[in-house]
Amino acid sequence: MKKILVALLATVALTPLSPASAADVEAPAAYDWTGFYLGVHGGYGWGKSQTNDLYAYDLEPDGWVGGAQAGYNYQLPSNIVLGVEADVSLGNLKDDSLDLTQIGNSVIPTEAEAKVTSFGSVRARAGYAFDRVLPYVTGGLGWARQEVDYFQDYLPALPGTFVNNLNESQTYFGWTVGAGIEAALTDNITAKVEYLYSDLGTQKYAGNAIGIDYEENIELEVQTVRLGLNYKF
C-alpha cells in the first residue's frame, strides 16, 4: 500500500500543468484610470495681493481651504493618461496691516486688508500610469474672488473728514499650472496630493480720497497645496 501511495504522489509531482490549469493562473489586470470622477479636497493656500500706488499695501493673504472637484480621465494603450478637471475652493485667505505715521502731534493710521474668499480652475491633466500610481502635470484657466479694505485718515483729529477709503470685491481671471500624484486605493477610490500656482492678473478697485473718486490696480497670485479624495465611476 505504501509503495502504491508513493508512486501516485510521484506521478502527480512530475505531471505538468494542463493547458486548462495554466490558464486559471492569471496575473492581476492593470488598473484602468479611464472614467468620470467626483471628489473633495482640503489644504493650505497663500498668495500675494500687491499694488504700487496705495501706501502700506503689500499683503500676503493665507489660510486653510476646502472644496470639490470633478473630472474625466482617458488612459491610452501607452499608459499615458489625459484628462480634464474643474474645481472650486472656499476659504478665508487673509492678511492685514496697520501703519501709524507720526506727523507733528498727529498719528495718521493706514489700515489695509485683503481676503480671498473663493477660487477655482478648469484644467487639462496629463500623466503616465504606473499601474495604480499616476504622477501628472496640469494647467488651464483660473479665477478668484478677493475683497480689499483700505482706509487712511489724513486728519484723525476730525474723524471722517479727510480720508482715503477703498472697500470693494472683485473677481479675477488668469492661468493656473501645477503638478501632483494620485494613487488608486481601491478600484473606485483614489487619493492625491497636488500643488497649484495661479497668476490671476490685475483688477481695478474703486476708491475715494478726500471726495475724489479714483481707480486702483491690484494684482493677485494664489498658491495651494492640497490633499484630495476622488470616487471614480
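Residues numbered from 1 in each chain as written. Predicted model: local features only at pLDDT ≥ 70, side-chain atom pairs only at ≥ 80, totals over all residues. Heavy atoms only, no water.

By the naming in an unreviewed UniProt entry, the protein chain goes by Porin family protein and is assigned to Taklimakanibacter albus.

Novice: Which parts of the structure should I look at to understand the overall build of the protein chain?
Specialist: The number of helices and strands found in the protein chain is two helices and nine strands. Along the protein chain, helices and strands appear, N-terminal first, in the series α-α-β-β-β-β-β-β-β-β-β. Buried residues in the protein chain amount to 35% of all 233 residues. Considering only contacts in the protein chain between residues 6 or more positions apart, those separated by 24 or more positions represent 67%. Of the roughly 13100 Å² of accessible surface on the protein chain, a fraction of 64% belongs to carbon and sulfur atoms. (Helix = DSSP H or I, 4+ residues; strand = E, 2+ residues; numbered from the N terminus. Buried < 20%, exposed > 50% of the residue type's maximum accessible area, 1.4 Å probe, protein only. Contact = heavy atoms within 4.5 Å. Areas by Shrake-Rupley, 256 points an atom, 1.4 Å probe, with all protein chains shown as cover.)

Novice: Teacher, can you tell me more about the pattern of salt bridges here?
Specialist: Opposite charge on two side chains permits pairing when their charged atoms draw close. The final tally for this structure, using the stated rule, is 11 salt bridges. The salt bridge involving E182 is made with R125; its shortest N-O contact spans 3.2 Å. In this pair, E182 is assigned in strand β7 (residues 163-184) and R125 in strand β5 (residues 106-128), connecting sequence segments 57 residues apart. We classify E182 as buried; its relative accessible area is 2%. The network of salt bridges with shared partners includes E85, D87, R123, K192, E194 and R226. (Salt bridge = Lys/Arg side-chain N within 4 Å of Asp/Glu carboxyl O.)

Novice: Even after reading the chapter, I still don't get the pairing of β5, so can you show me in this structure?
Specialist: On any regular strand, side chains alternate: one points to one face of the sheet, the next to the other face. Note that strand β4 (residues 80-103) and β5 share 22 bridges and pair antiparallel. Looking across to β5, one finds that V88 is bridged to G120. Sheet topology places β5 next to strand β6 (residues 133-153); 17 bridges connect them, and they run antiparallel. Bridge pairing links A124 to G139 in β6. Counted along the chain from β5 to the antiparallel partner β6, the turn is four residues long, and its residue D131 has a positive phi close to 60 degrees. (Pairing = 2+ DSSP bridges.)

Novice: Sorry, what's going on with a nonpolar patch on the surface here?
Specialist: Together, W46, I80, L82, Y128, F130, V133, I181, V193, Y195, V225 and L227 give the surface a local cluster of nonpolar side chains, amounting to about 920 Å² of exposed area. Broken down by secondary-structure element, the contributors of at least two residues to the nonpolar patch are β4, β8 (189-209) and β9 (212-232). Tracing the sequence through the fold places I181 in strand β7. Its relative accessible area of 40% is what places I181 among the partly exposed residues. (Patch = residues over 30% accessible without salt bridge, like charges linked within 9 Å, V, L, I, M, F, W, Y side chains within 5 Å.)

Novice: Would you take a moment to explain the pairing of β4 for this structure?
Specialist: Two strands pair when backbone bridges link them, and strand β3 (residues 62-75) and β4 are joined in this way by 12 bridges, in the antiparallel orientation. Bridge pairing links Q69 to D87 in β4. The hairpin formed by β3 and β4 contains four residues between the paired strands, and N79 there has a positive phi angle of roughly 75 degrees.

Novice: Explain unusual backbone geometry to me, please; I cannot follow it from the model alone.
Specialist: Although it is not a glycine, D131 sits at a positive phi angle of roughly 60 degrees. Examined against the element boundaries, D131 turns out to sit in the loop between β5 and β6. Positive phi outside glycine occurs at I210, with the angle close to 55 degrees. Mapped onto the elements, I210 comes out in the loop between β8 and β9.

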